[in-house]
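# Remarks on the overall topology
These are the residues of each chain, in order.
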Amino acid sequence: MDGILLVAFLFLVAGVIAVPIASRLGLGSVLGYLLAGIALSPILASLHVDVISIQHMAEFGVVMMLFLVGLELEPSMLWAMRHRLLGLGGLQVSITTAAVTAIAMAFGQPWSIALAIGLVFALSSTAIVLQTLNEKGLMRCDGGQASFSVLLFQDIAVIPMLAFIPLLALPELQELIATASSAGDDGHASLSLVDRLAGWQRALVTVGAIAFVVVAGSYLTRPIFRFIAMAKLRELFTAAALLLVIAIALLMVLVGLSPALGTFLAGVVLANSEYRHELESDIDPFKGLLLGLFFITVGAAIRFDLLVANLGNIVGMTLGLITLKALILYVLARVFKITGADRWLFTLGLAQAGEFGFVLLSFTVANGVIPTAIAEQLLLVVALSMLLTPGLFILYEKVIAPRFVSAQEKEADEIDESGKIIIAGLGRFGGVVNRMLSAAGYKTVVLDYQSEQLEMMRSFGVKAFFGDAMRPDLLHAAGIDEAEILVVAIDDEDSATELVHYVSHNHPNVHIVARAINRHHVYELYSAGAQDIIRETFDSSVRAGRYALEALGVHPYDAERQVRGFVKNDQAQMVGLASSYDPAVPVHENEEYVRRSKEYTARHAEVMKGNSARFGNRLGRGWVPPTIEDLEAEVAKDADED
Amino acid sequence: MQPSWYRDIVFLFKRLASPVRLQAMSSLIVYYAHPAHHYSHANKEMATVAAAADGVTFVDLYGEYPRFEIDADIEQQRLTDHDVVLLQFPMFWYSTPSILKEWQDLVLEHGFAYGSGGDKLEGKRMMIAVSGAGPEDAYTPGGYQHYPVRDFLRPLEQTARLCGMQFAAPYVLYDALKAPADGRLASHVESYKQLLLAIRDDQYDWDVADGCDVVQFGALPIKEGGQ
């Protein structure tokens, strides 16, 4: 127990110190974690911590990341990118594999080892690249999208690679492994249910498992989540989300598939669900922590003794690898018409080897494909290339992107999604706002925590998501960072104020339209930072009053002007009282407020009784005809001038 | 575009379908615009007479559209259904009250009132019933209003012309504020009623009116046998 706490403490301290510094220096979080890992490695070594097994655990962060990526990708979007996925991704993997294989053979490696090396190096780092693209907001540009297609293809390609690599095994290495105990066996293999099945049975089970994920994801999750939502316990939902991801990963491992692929698939299936944002915000912190841990272990696992011993060799291989991969990517980018800064983002971003390289390497060693001595050096190459990646991103950001500024700006316009609007609360109030904005052609994201209402709304085609709008992480998942407008229409008075306060302070660019329950709530919302504040029943009450006037026989236009005068007066009163209102003092104890409020009420009564000349004047002003004396004066003046 | 005989037949059927009125020939719509109905002296009484006139359509624009949300479709249908359009309003700053301008802007659309296909008002008549604050001699080159009333109504006259409508001499009440006191208002209102009924019954002599700059009570060109 103490040991676990100590290790956790060390990892957390290193991360908490190194990442903010790296971010401040503009290096990105990934490099921060890697450096933290390097700094930590001597301490971990002296404590005999098994970094590699921690790394295996932390790889689950990649699985979660792919789940989140899947959530962002609706099936239609995935279908739309199929050409790039297969074309760009397929060509990148096959050409890089072939080139690396050829070079390795030229350096005298037998073809089987060379091919295995080729496969290991063909992969790029999903974890680093996606994390960095997201962090720098490059995910939506063309280069980011192309990078994502290739990464997705690679993640899928790992599965057949894992099946293929054992076939490359060297007889003498296999014997070696056979004589040793199976202690170093990979976790994946030991759990597999399908090892002893025939080929066709295996295929059947695999297809069955995928079908189960798709069907269960489509039909089973909704009732289950609704059932869980009924408990109204936030942590229960988080637990359910974790359970979902872990269960799918486990199922995939059992049938011998990649857990990353399985959860990605589940994410895509759930991308249309109303629980999407809630799932996203629940899983996201776990993903972040596990990926951070993963990067730290990558840093910590770098064997500096080996690096120093073979410095020239490994650095040369790393630089050679990055150059080769970049070259292939550049050519592919040209072929697939990725232009401008995007081409360079694609080229530099994917030039490293990736974390699946670690997985494949340990797998090749376990299966006797690559001798341990070579594998250890290759491991260093992979780690070093990952370590250099943030540097390549900085190169892109600081040197290359500025040269394409004009082109970038033009593209930014295309990506722009006509102003995002978030509506918190989809009751009678928010519902009308949403209907109106949607009818006007604006895209809205609606948040509410009443499951039944949401399902009804979704059946009408409203983009509604389950979740408590009070949660910053959920707001983030709903896109508060890019939002232009937030409409606060939640029922609870204090929650609404709190939400307005949070958003106006953390996202000052978001225009907040808030519903006030009553007059005092208006003042509170105003001091919390809402721009437009609407009293929920004021307008309808005023209209009711107008109908009453019309029914009394008042000319409709006179009634309308009475209403305008009343509203104007009332607003003036509210502004006048606002300066006396103090949220810290209860209204009935605020003497100034009470006194002025009484004043206004008295004046108002006069106005309504028609005793106030000023108010009457204002109503009729502009159409009050001149008196006969006025006319005569006019004529007289005219005569004088003649 | 429909051939002219088609319009004639439609017209005939509409006539046959309308309530029996032996002499009825022209359908008349009166648009009334006064933003402060309760301050009005002349126009309020004129509006009362027009609203009560049998077989005459009466529209109080400020009453029907207190928030200016004029429905162009309804208004265009109304114009299509009538032969004579009479606009009744007090002159405000040598022009119409604002809602009447809004009405023109929204209702007299391209393709309806003018421009290609905009022939729906062709052959109809437009007439103005307007009250002015100044005495008659003020509306002369030497007077303080400097121009005759008809000149201030030129924008409407040209609007009618562009829409293929015939613009009739306006029915004018001068010195409207003094009219109740000196007894002219009663004559003006009574004469207004005669005017509306004469138009309705096709007894108004448009040709004689066309020879006048403006028409006033006591000298309305109503044919023999009319009211």
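Residues numbered from 1 in each chain as written. Chains lettered and ligands numbered in written order. Predicted model: local features only at pLDDT ≥ 70, side-chain atom pairs only at ≥ 80, totals over all residues.

### So, the overall build of chain B
If you tally the helices and strands in chain B, you get 10 helices and six strands. Residues classed as buried in chain B amount to 37% of the 227 residues present. (Helix = DSSP H or I, 4+ residues; strand = E, 2+ residues; numbered from the N terminus. Buried ≥ 20, exposed ≤ 12 C-beta atoms within 10 Å, placed from the backbone.)

### A closer look at the pairing of strand β3 (residues 84-90) of chain B
Residues and elements named next belong to chain B. Most of β3 sits inside the fold, with seven of its seven residues counted as buried. Covered by surrounding structure in β3 are Val84, Leu86, Gln88 and Pro90 together with Val85, Leu87 and Phe89, the residues of both alternating faces. Where strand β1 (residues 28-32) lies against β3, five bridges are found, and the strand directions are parallel. Looking at β3, one finds that Leu28 is bridged to Val84. Bridge count between β3 and strand β4 (residues 125-131): seven bridges; the pairing is parallel. Considered in β4, the bridge of Leu87 is made with Ile128. Between the parallel pair β3 and β4, the chain is carried across by helix α5 (residues 98-107), and the sense of this crossover is right-handed. (Pairing = 2+ DSSP bridges. Right-handed = clockwise from strand over helix to strand, strands pointing away.)

### Concerning the pairing of strand β1 (residues 420-424) of chain A
All names here are of chain A. Most of β1 sits out of view: five of its five residues are buried. Residues Lys420, Ile422 and Ala424 line one face of β1 and the alternating positions Ile421 and Ile423 line the opposite face, and both faces are buried. Bridge count for β1 against strand β4 (residues 483-488) is five bridges, and the pairing is parallel. Note on β4: the bridge partner recorded for Ala424 is Val488.

### Here's the deal with the environment of A:Phe212
Residues and elements named next belong to chain A. With respect to the helices, strands and loops of the structure, Phe212 is situated in helix α12 (residues 199-229). Classification of Phe212 as partly exposed rests on a count of 14 C-beta atoms within 10 Å. C-alpha of Phe212 to C-alpha of Ile248: the two residues are 36 residues apart in sequence and 9.9 Å apart in space.

### A few points about the sheet that holds strand β3 (residues 464-466) of chain A
Residues and elements named next belong to chain A. Pairing in this open sheet of six strands is parallel, and the strands run β3-β2-β1-β4-β5-β6 from one edge to the other. Every other strand in the sheet has two partners, leaving β3 and β6 (532-535) as the edge strands with one partner each. Going across the sheet, the axis of each strand differs from the next one's by a mean of 20°, ignoring polarity. Summarising the sheet, strand β2 (residues 444-448) and β3 pair through three bridges and their orientation is parallel. When the bridges of β3 are listed, Leu447 appears paired with Phe465. Contacts from helix α25 (residues 493-506) reach β1, β4 and β5 (511-516), with the element oriented near 170° to β5. (Axes fitted to C-alpha atoms, helices over the stretch in contact; angles between N-to-C directions. Contact = placed C-beta atoms within 7 Å.)

### Examining the nonpolar core
Residue and element names in this part refer to chain A. The biggest cluster of nonpolar side chains holds 175 residues, and the ones touching the most others in it are Phe67, Val120, Ala424, Val488 and Val500. Here this core takes 13 residues from helix α20 (residues 372-400), the largest share from any one element. Domain assignment of the residues forming this core places at least three in each of domain 1 (2-410) and domain 2 (420-620). Once residues lying within four places of it in the same chain are set aside, the contact partners of Val488 are Ala424, Ala496, Leu499, Val500, Ile512, Ala514 and Arg515. (Core = buried A, V, L, I, M, F, W, Y, C linked by C-beta atoms within 7 Å. Domains from an automatic or database assignment.)

### Structural notes on unusual backbone geometry
Residues and elements named next belong to chain A. Phi is positive for His48, close to 60°, though the residue is something other than glycine. Secondary-structure assignment places His48 in the loop between α2 (29-47) and α3 (51-58). Using a count of 7 C-beta atoms within 10 Å as the deciding quantity, one classes His48 as exposed.

### Some thoughts on the confidence of the model for chain A
All names here are of chain A. Per-residue confidence for chain A gives a mean pLDDT of 80; residues scoring 70 or more make up 87%. Highest mean pLDDT in chain A belongs to β5 (94); lowest belongs to helix α21 (residues 405-415) (40). Note on residues 407-418: pLDDT under 50 across the span, and 11 contacts to partners over four residues away in sequence or across chains. (pLDDT = per-residue confidence, 0-100.)

### Thoughts on the packing of helix α6 (residues 82-106) of chain A against helix α7 (residues 111-122) of chain A
All names here are of chain A. One can describe the packing of α6 onto α7 by two numbers: an axis separation of 7 Å at closest approach and a directional angle of 140°. Comparing the axis directions of α6 and α7 gives the class oblique. Classified by chirality, the crossing of α7 by α6 is right-handed. Listed contacts from α7 to Val93, Thr96, Thr97, Ala98, Val100, Thr101, Ala104 and Met105 of α6 are Trp111, Ala114, Leu115, Ile117, Gly118, Leu119, Phe121 and Ala122. (Parallel < 35°, antiparallel > 145°, perpendicular 65-115°, else oblique. Left-handed = near helix turned anticlockwise from the far one by under 90°.)

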